[in-house]
Amino acid sequence: MSALKILVIPGSLRTGSLNARLAAVAAHELARSGAEVTRISLADFPLPIYDGDLQAKSGVPKHAVNLKRMMAAHHGVLIVTPEHNSSVPALVKNTIDWLSRVQDAHEIRGQVFRERAFAVASASSGRLGGVRALAALRLILSACHATVIADQFALPFANEAYDEMDHLKNAADAEALKAMARQLIDISQRMM
Ligand SMILES: Cc1cc2nc3c(=O)[nH]c(=O)nc-3n(C[C@H](O)[C@H](O)[C@H](O)COP(=O)(O)O)c2cc1C
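I will try to describe carefully the structure that is included in this document. What you see as residue numbers is a count from 1 along each chain, following the sequence as written. Per-residue local features are limited, in this predicted model, to residues with pLDDT of at least 70; the limit for side-chain atom pairs, both in listing and counting, is 80 or more; totals at the level of whole chains, interfaces and linings are taken over all residues.

Take the overall build of the protein next. Strands here mean DSSP runs of E at least two residues long; helices mean DSSP runs of H or I at least four residues long; both are numbered from the N terminus. Assigned secondary structure in the protein consists of 7 helices and 6 strands. If you list the helices and strands of the protein from N to C, you get β-α-β-α-α-β-α-α-β-α-β-β-α. Taking 2.2 N^0.38 as the reference for a compact globule, 192 residues should give roughly 16 Å; the C-alpha atoms of the protein span a radius of gyration of 16 Å, in line with that estimate. Based on the C-alpha atoms only, the size of the protein along its principal axes is roughly 50 × 40 × 25 Å. In this setup the radius of gyration rests on C-alpha atoms only. A globule is expected at 2.2 Å times the number of residues raised to 0.38.

Given below as structure tokens:
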């Protein structure tokens, strides 16, 4: 059987992003559990704000097509999103909106969401860890017919959550992250 591949997508471009940091820790956990992991930055896939006129005139931008194809080359996807005003940031929503418009040959539109497992995680310096963004992200992915695994991970007070080795200080947090990584691998394997 070919190696199980997981794509990890941090939903922030910010230097020093708490979510990019959590994505790195999650990627490490997924790799420890046996997955082949690709961690990207959305900075490498810049997209304009979705505009139907733009799509009608020029088609779906090549960065959206490339990101869709990268997703299609993986069996599972982890999105690590910030919370902005109790929901997902525009970057994450806009990326998903464009991805949902990609239609490669012999595919239905947005097919990439239907055929692989997704996990969602968040980090925030606040008390709730971005859990409301996770609820919003689940809803968006479900609308795209994605399978979103039950386990999720929200990291509160994320600016002080790591020790000097970049490990999560709180054992319950570390366990929850590990459980989510294993579930993503398990379900991705079943969907292969
Ligand atoms: C426009 C905006 C809205 C925000 N709203 C929330 C929020 O609703 N809940 C929350 O926990 N943090 C909120 N924050 C704080 C972010 O969680 C915090 O800036 C976080 O570090 C952003 O993620 P990043 O570090 O990965 O870039 C908000 C930040 C911005 C800029």
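What is expected of a backbone is that most residues other than glycine have negative phi and most peptide bonds are trans. Positive phi, close to 45°, is recorded for Phe157, a residue that is not glycine. When you line up the elements, Phe157 lands in the loop between β6 (153-155) and α7 (171-190). A residue is classified by how many C-beta atoms lie within 10 Å of it, and Phe157, with 14 of them, is partly exposed. Of note in the backbone geometry, Asp166 takes a positive phi value of approximately 70° without being a glycine. If you trace the backbone, Asp166 turns up in the loop between β6 and α7. Asp166 gets classed as exposed once you count the C-beta atoms within 10 Å, which come to 10. In this scheme every C-beta is placed from the backbone, and a residue whose C-beta has 20 or more other C-beta atoms within 10 Å is buried, one with 12 or fewer is exposed, and one in between is partly exposed.

So, on to the site of the ligand. Of all residues adjacent to the ligand, which total 15 residues, the nearest are Ser12, Ser17, Asn19, Pro82 and Gly126. Taken together, the residues of the shell around the ligand break down into 3 nonpolar, 10 polar and 2 charged. We count a residue as near a molecule or strand when its backbone-placed C-beta atom lies within 6 Å of that partner. Charged means Asp, Glu, Lys or Arg here, nonpolar means Ala, Val, Leu, Ile, Met, Phe, Trp, Tyr, Cys or Pro, and polar covers whatever is left, Gly included.

Let's shift gears to the packing of helix α1 (residues 18-32) against α7. One can describe the packing of α1 onto α7 by two numbers: an axis separation of 9 Å at closest approach and a directional angle of 55°. Considering their axes alone, α1 and α7 lie oblique with respect to each other. For the element pair α1 and α7, the recorded crossing hand is right-handed. Only Leu177, Lys178, Ala181 and Ile185 of α7 make contact with α1, whose side of the interface consists of Ala26, Glu29 and Leu30. Only the contacting stretch of a helix is used when fitting its axis, a line to C-alpha atoms as for every element, and angles between N-to-C directions run 0 to 180 degrees. Here roughly perpendicular refers to angles of 65 to 115 degrees, roughly parallel to angles under 35, roughly antiparallel to angles over 145, and oblique to all remaining angles. Here is the rule for handedness: rotate from the far helix to the near one, and if that takes an anticlockwise turn smaller than a right angle the crossing is left-handed, while a clockwise turn gives right-handed. A pair of residues counts as a contact when their C-beta atoms, built from backbone coordinates, are separated by no more than 7 Å.

Right, let's get into the environment of Leu99. By the element assignment, Leu99 lies in helix α4 (residues 90-99). C-alpha of Leu99 to C-alpha of Leu47: the two residues are 52 residues apart in sequence and 10 Å apart in space.

It is worth spelling out helix α3 (residues 62-72) at this point. Among all positions of α3, only Ala64, Leu67, Lys68 and Met71 are buried. Angular distribution of buried residues about the axis of α3 spans 105°; they occupy a single face of the element. Exposed and oriented more than 90 degrees from the buried face of α3 are Lys62 and Arg69. Each C-beta atom gives one direction from the helix axis, and the arc is the one those directions make.

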